[in-house]
Structures are given as structure tokens and as C-alpha cells.
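Summary of structural features
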Amino acid sequence: MSESFVSAIGEKGCLLMDGATGTNLFDMGLVSGDAPELWNDEHPDRVLALNSGFVQAGSDVVLTNSFGGNAMRLKLHGAENRVAELNEKSAEIARSAAEQGDRKVFVAGSIGPLGELIEPVGTLGQEEAIKAFTEQALALERGGCDLLWIETISSQEELIAAATGAASTELPFVACGSFDTNGRTMMGISPAEFVEICLEMDVQPVAVGSNCGVGPAQTVAATLEMSNAYPNMFHYVAKANCGIPVWEGTQIRYTATPEQMFVYAQIARSTGATIVGGCCGTRTEHVQQMRSSLDQYRPMPKPSMTFISERLGEVFDTAPVKSTRKRASRRRTSKH
Ligand SMILES: [Zn+2]
């Protein structure tokens, strides 16, 4: 299956992911504070409508509705014993959407953070974290996923625990970090360091990248830093939010138009990303535009930071590759 996913990238040049899960489920009636994963049981028709909408909009890969489907997150909703059921259902629903089309659409099992900090920064033990990720990963595999999609990761410990969980299955996996306004994850990892951590793993991801975070400019800058620091080491992913999030009362709104996501997809592709999609705020009309953007793409040189900020908005303090490498080697030295 790993070969089939990777060879599809080779054949098509670039695969289009889908858009937001949360944003679109809110449109369908999900209430803030509810666990979206419970809808795999309560409203499978709506989750199917979400996945099908993206298939129809042209996505090559759809994500399961399982981002928070681990025991720690589900415990907040008294559903920690339903990890297997809810993840299996999310995969089955996405699979039936993927098979509606007449082309190959991959089902990627979404695995998000546990919502608790892992030792030594937090109190959650590494073994316990690995156990939670493994339970979720195995359920997504049983439900029929083609690959696993680890995303919005900010700490090294969590990245390693999630990858270890994914490696307990037979499936290939992708690992994405979320890089914030300082060009690093919340826990201080730079994009280049994120790739280095993946390179040190026994079982490595098939693709590495950047998702969510702030806006398209920041996400593209992170993917560019990865592909510049380690060209051709991995397939790279850019999965940006649909513009910069803006608070309106108690709601977050994402500001990018479908046309802006068209431009974003072209620039993301030119960084060397071979998997491109949208994160929070991305609806089917944005995915349609990204589809035509990638279909019309003609090779262009890698963008400069100036070009990225002119087209996509401000890039906040992205650490130059040289200095992050120095930091990375310091990290390595202090480890031994
Ligand atoms: Zn997001």
C-alpha cells in the first residue's frame, strides 16, 4: 500500500488533499465543545457528506474524522472506551466516500495530538502516549485506511510517540507539524528540525510537512524550509489554513477566498511540496480551486520569502535554515 501511495505521487506529480473537518462539521450543526468523532456514530450521513464533498471537489486523499479520536481526548467526553469503534467507523465512512468516484482516492487516517503534554515537559508518560496512539492507529487500519496521517504536532516526544504508534500497523504514514508565528512549533521545533527527528526514526514517514498553524504564508515558508534543508529526503506536504484566522466574537473565521487558495496551491507546489491541501476554514469551493490550480501547474523556481509574503501575506520570523541546523546539532550534542 505504501508503494501505491508513493507511486501515485510519482504518477501525478502532486496529490491534492482535502479541506477542513471541524469548519465543515460546524456548518452541519456540530457545536463548539462537542467531539466531532462522536458523529461517526451519531451522524454518519453528515460525515459521509463531508468526505464525499471533497471527493467530488477533486481531492486525491481524504482524511478520516478522527483527529481527536484518541483515549485522552475522548475521555473529556466520557468516550475513552470507544476509540476502536469511533476510529473504525471514521475509516469506513471515508472509504465509502472514496469509492464513489471513478478514480483512485486514498483514505488517510487522521491522528492529532493527545491534548496532554508528554514527559519531561508534561506529566503523561511516553509509554502511555505510545499506547494511545497505537490503539488509534490499529483501529484506523482495521477500518480500511490506506495510510495514517499524523498532524498538528508540536513536540518531539509526541511526534515520536505518534510515529511509533503508526509503525505498529502495516500502513505507511505521514507526519506534519504545526508551525506558528515564530516559524517554529509551539514547543520550539523548527521545520528543518522536524525533518531531522523523522530522519532519526527507525520506521520513517513517507512524507513530512506542515499543516494548520497560522496562515498559508507561514505554512508554505515551513515547507520550503524543510525542502531546502533536506531536498529529496521525503515527499513534502503543505496543508495550510484557509487564510489567517480572525476572531469574530466567540467564533474564528478564516479569510481566504477560493481564488487565494488557487494562488496558495501554486506557490506551495513550487516549494517542492508533492502533497498540497487545506486545513482549518477550507471548504469544497476552495478545494475545487486548488484542484484546478494543481492541474494547471507548470514548474517554476522555488519562491523566495519576499515572493511568499507578497503573494500570501506576512511570514513571521522564519528562522534561516543555517541557524536552525546549528541549533539542531546542539540539540544532538546535548543528548549524548
Ligand atoms: Zn487546521
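Scroll up for the structure.
This section reports on the structure supplied with the text. Computed from a predicted model, the values in this text were never measured in an experiment.

1. A few points about the side chain of glutamate 37
- For glutamate 37, the location among the structural elements is in the loop between helix H2 (22-27) and helix H3 (39-42).
- Salt bridges are absent for the buried glutamate 37, whose nearest opposite-charge side chain, arginine 73, sits at 5.8 Å.
- For glutamate 37, the residues in contact, after removing those within four places along its chain, are Asn65, Ser66, Phe67, Gly68, Gly69, Leu74 and Leu86.

2. As for the nonpolar core
- Ranked by size, the top nonpolar core spans 78 residues in total, and within it Phe194 and Tyr264 carry the most contacts.
- Of the residues forming this core, the biggest block, 7 residues, is contributed by helix H10 (residues 216-229).
- Look past the residues within four positions of tyrosine 264 in its chain and what remains in contact with it is Pro216, Val220, Ala238, Lys239, Ala240, Val276, Gly277, Met290 and Leu312.
- Counting 17 residues, the second largest nonpolar core, distinct from the first, contains Ile9, Leu15, Ala108 and Cys176.

3. Regarding the packing of aromatic side chains
- One pass over the structure, following the stated rule, counts 2 aromatic pairs.
- Pairing phenylalanine 5 with phenylalanine 106 gives two aromatic rings, centres 5.3 Å apart and planes at 85 degrees, and the pair type is edge-to-face. One end of the pair, phenylalanine 5, is in helix H1 (residues 2-12); the other, phenylalanine 106, is in strand E3 (residues 106-111), with 101 residues separating them in the sequence. Exposure class is identical for phenylalanine 5 and phenylalanine 106. Each is buried.
- Centroid distance phenylalanine 179 to phenylalanine 194: 5.8 Å. Interplanar angle 80 degrees. Geometry classified as edge-to-face. Placement of the pair is phenylalanine 179 in the loop between strand E5 (173-177) and helix H9 (191-199) and phenylalanine 194 in helix H9, with a sequence separation of 15 residues. The residues phenylalanine 179 and phenylalanine 194 share a single accessibility class, namely buried.
- Sitting above the plane of the tryptophan 39 ring, arginine 46 keeps its charged end 5.0 Å from the centroid.
- Note that lysine 104 overlies the ring of phenylalanine 106, its terminal NZ or CZ placed 4.8 Å from the centroid.

4. Things to note about the coordination of the zinc ion
- Protein coordination of the zinc ion is provided by Cys212 (SG), Cys279 (SG) and Cys280 (SG), with donor distances spanning 2.2 to 2.4 Å.
- Motif for the zinc ion, donor spacing along one chain: C-x66-C-C.

Conventions used here
Residues numbered from 1 in each chain as written. Predicted model: local features only at pLDDT ≥ 70, side-chain atom pairs only at ≥ 80, totals over all residues. Heavy atoms only, no water. Helix = DSSP H or I, 4+ residues; strand = E, 2+ residues; numbered from the N terminus. Buried < 20%, exposed > 50% of the residue type's maximum accessible area, 1.4 Å probe, protein only. Lys, Arg positive; Asp, Glu negative; His and termini not counted. Salt bridge = Lys/Arg side-chain N within 4 Å of Asp/Glu carboxyl O. Contact = heavy atoms within 4.5 Å. Core = buried A, V, L, I, M, F, W, Y, C linked by side-chain atoms within 4.5 Å. Phe/Tyr/Trp six-rings, centres within 6.5 Å; stacked < 30°, edge-to-face > 60°. Lys NZ or Arg CZ within 6 Å of the ring centre and 35° of its normal. Donors = N, O, S within 2.8 Å, 3.2 Å for Na, K, Ca; no water.

Function-wise, these values are silent; they only describe arrangement.
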